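Spelled out, the chains give:
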Amino acid sequence: MGSRIVATGRATPRTVITNHELERRMDTSDEWIRTRTGIAQRYALCTDESLVEVAERASRQALARAGMKPEDLEAIIVGTVSSDFGFPSFACQLQHRLGLNSIPAFDVAAACSGFIYALSVADATMRAGEWSRVLLVGADALSTMVDWNDRSTAVLFGDGAGAVVMVREAGQRGVLGSILRSSGEYWELLSVRNRGIQSPIDAEARANRDDAIKMKGPELFKIAVKSLEDITRKVIERAGVSLDDLSLIIPHQANLRIINAVAQRLGLGAEKVFTNVDRYGNTSAASVPIALDEAIESGRIRDNDLVLLNACGGGLTWGANLIRW
Ligand code: ACO
């Protein structure tokens, strides 16, 4: 027995912030942001919106496409570092919005790798026979955690949610394997002191800038490229397949230069790498499920394709999932 993704969904907050709008707020340029990151716009959560509501929309879309009702679910796992509360978890809030009760619901906090980690946990638990139908969500709102006066981080992040429905089933298709890694040694490369939604773009200026995201971009860049190459090779090797067998990689959408550098080291052509960072920015744990949903919608993934998901983020954490679609 294994687990298989049977449907996906995605949702974003309603406000789009283009690079040109950021030019009006800080000393930056559309040209700098595009050439250094590949980002042209991002969605930002505003004060009158709830990220749980955004996640609910993505979840209901995935459930409808799976032909299921919320009552069919046996567990909810959310990869997030953006819960409104220290506790209860984001997953418990989402469970309530979906009108459910009593099924297990919990968060996995691995920053940008949250969805990759959550997928691995869901797959292992389903293999063990514990659950048959699981809702897996990646949702984050890191735009609310930046200091809008710090141009080196403010331009990078966007908000959103992606959802998938997984079922337990036998057969060749489904999750073939996952590998997860972390290295607390590098925690200072990317961190934020407080948990949860803090200062949306339309709110009053942040009271304490020490509470905003802190990042050492150039060091992080180098470690991300190395880790993502390494984890991709390892998960492929362990499954007994080769890089040539891969139909598509769906990488975490942090920065086009990181994505291209990893693809180049792996010897993969652009046609095998899905990107949408230009329209979303870095949506942290939401980036892989949002990209997966768009890849399916645009016909880039077909039955029996070999698909690899990978991500690297604060922790540091990184990981990859290999899937026979
Ligand atoms: N607009 C204009 N200029 C800027 C901006 C901006 N938004 N941000 C920084 N600069 C300036 C800097 O001040 C610096 O100026 P100086 O030379 O006069 O001092 C210059 O641009 C170069 O700055 P660097 O930080 O060296 O630029 P770099 O080419 O390294 O790009 C970036 C910065 C995009 C942050 C890059 O390091 C990066 O992408 N790192 C990875 C960060 C990341 O993706 N984090 C997300 C989470 S981790 C993950 O998901 C993998």
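In this text the structure is predicted, and so the values were computed from the model without any measurement.

Visitor: Can you help me understand the side chain of Asn276 in this one?
Guide: The residue Asn276 is located in the loop between helix H8 (256-266) and helix H9 (277-280) in this model. Not counting chain neighbours up to four residues away, the residues in contact with Asn276 comprise Gln253, Ile290, Ala291 and Glu294.

Visitor: Hey, could you run me through helix H10 (residues 287-297) in this one?
Guide: In an α-helix there are 3.6 residues to a turn, and that puts residues three or four apart on one side. Of all 11 residues that make up H10, 9 are buried, and the element is covered over most of its length. Along H10, the positions that sit buried rather than exposed are Ser287, Val288, Pro289, Ile290, Ala291, Leu292, Asp293, Glu294 and Ala295. The positive-phi residue at the C-terminal boundary of H10 is Gly299, with phi of around 75°.

Visitor: Please clarify how the layout of surface pockets should be interpreted in this entry.
Guide: Estimated volume of the largest pocket: approximately 560 Å³. If you go around the largest pocket, you meet 23 residues; those closest to its centre are Leu156, Met215, Gly217, Phe221 and Asn255. Elements with a contribution of two residues or more to the lining of the largest pocket: helix H2 (30-37), helix H7 (217-238), H8 and strand E12 (306-313). A per-element tally of the lining of the largest pocket places H7 first, with 6 residues. Within the lining of the largest pocket, the residues separate by chemical class into 14 nonpolar, 7 polar and 2 charged. Taken together, 17 residues make up the lining of the second largest pocket; nearest its centre are Val81, Ala111, Leu190, Ser191 and Val192. Looking at side-chain class alone, the lining of the second largest pocket contains 10 nonpolar, 5 polar and 2 charged residues.

Visitor: How do you make sense of the site of the ligand when you look at a structure like this?
Guide: Near the ligand you find 23 residues, and of these Thr28, Arg36, Arg151, Gly217 and Asn255 are the closest. Arg36 places a polar side-chain atom, nitrogen or oxygen, 2.6 Å from an oxygen atom of the ligand. In the environment of the ligand, a nitrogen atom lies 3.1 Å from a nitrogen or oxygen atom belonging to the backbone of Gly217. In isolation the ligand offers 1000 Å² of accessible surface; the protein chains occlude 73% of this area. Comparing atom positions with the cavity grids shows the ligand to sit within the largest pocket. Broken down by secondary-structure element, the contributors of at least two residues to the shell around the ligand are H2, helix H6 (151-154), H7 and H8. No other element matches the 5 residues that H7 contributes to the shell around the ligand. Classifying every residue of the shell around the ligand by side-chain character gives 12 nonpolar, 7 polar and 4 charged.

Visitor: Where do I start with the environment of Arg209 in this structure?
Guide: Secondary-structure assignment places Arg209 in the loop between strand E9 (190-191) and strand E10 (214-215). Accessibility expressed as a relative area gives 48% for Arg209, which makes it partly exposed. If sequence neighbours within four positions are ignored, Arg209 has contacts with Asp147, Asn149 and Lys214.

Visitor: Where do I start with the packing of H7 against H8 in this structure?
Guide: In helix packing, the relevant descriptors are the interaxial angle and the interaxial distance, both defined with respect to the helix axes. Relative orientation of the contacting elements H7 and H8 amounts to 45°, with a least axis distance of 9 Å. As summarised for this structure, H7 and H8 are arranged oblique, according to the angle between their axes. The two elements H7 and H8 cross, and the hand of that crossing is right-handed. Facing H7, whose interface residues are Phe221, Ala224, Val225, Lys226, Leu228, Glu229, Thr232 and Arg233, H8 presents Arg257, Ile258, Ala261, Val262, Arg265 and Leu266. In terms of residue class, the contact of H7 with H8 is made up of 8 nonpolar, 1 polar and 5 charged.

Visitor: Whenever I open this one, the pattern of salt bridges confuses me. Can you help?
Guide: When charged atoms on two side chains of opposite charge get close, those side chains can pair. Here the structure, examined in full by the defined rule, presents 22 salt bridges. Close ionic contact of Asp123 with Arg127 constitutes a salt bridge, the shortest N to O distance being 3.1 Å. Within this pair, Asp123 and its partner Arg127 are both found in helix H5 (residues 114-127), separated by 4 residues, close to a single helical turn. Looking at Asp123, the relative accessible area reads 7%, which means it is buried.

Each value, and the rule that gives it
- Residues numbered from 1 in each chain as written.
- Predicted model: local features only at pLDDT ≥ 70, side-chain atom pairs only at ≥ 80, totals over all residues.
- Heavy atoms only, no water.
- Helix = DSSP H or I, 4+ residues; strand = E, 2+ residues; numbered from the N terminus.
- Contact = heavy atoms within 4.5 Å.
- Buried < 20%, exposed > 50% of the residue type's maximum accessible area, 1.4 Å probe, protein only.
- 1 Å grid on protein atoms, 1.4 Å probe; cavity = no way out; pocket = protein on both sides within 12 Å on 5 of 7 lines; lining within 4 Å.
- Points joined across faces, edges and corners; volume = space filled by probe spheres on them.
- Nonpolar A, V, L, I, M, F, W, Y, C, P; charged D, E, K, R; others polar.
- Near = heavy atom within 4 Å.
- Polar contact = N/O pair within 3.5 Å; in protein donor to acceptor, adjacent residues only side chain to side chain.
- Areas by Shrake-Rupley, 256 points an atom, 1.4 Å probe, with all protein chains shown as cover.
- Sits in = over half its atoms within 2 Å of the grid points.
- Axes fitted to C-alpha atoms, helices over the stretch in contact; angles between N-to-C directions.
- Parallel < 35°, antiparallel > 145°, perpendicular 65-115°, else oblique.
- Left-handed = near helix turned anticlockwise from the far one by under 90°.
- Salt bridge = Lys/Arg side-chain N within 4 Å of Asp/Glu carboxyl O.

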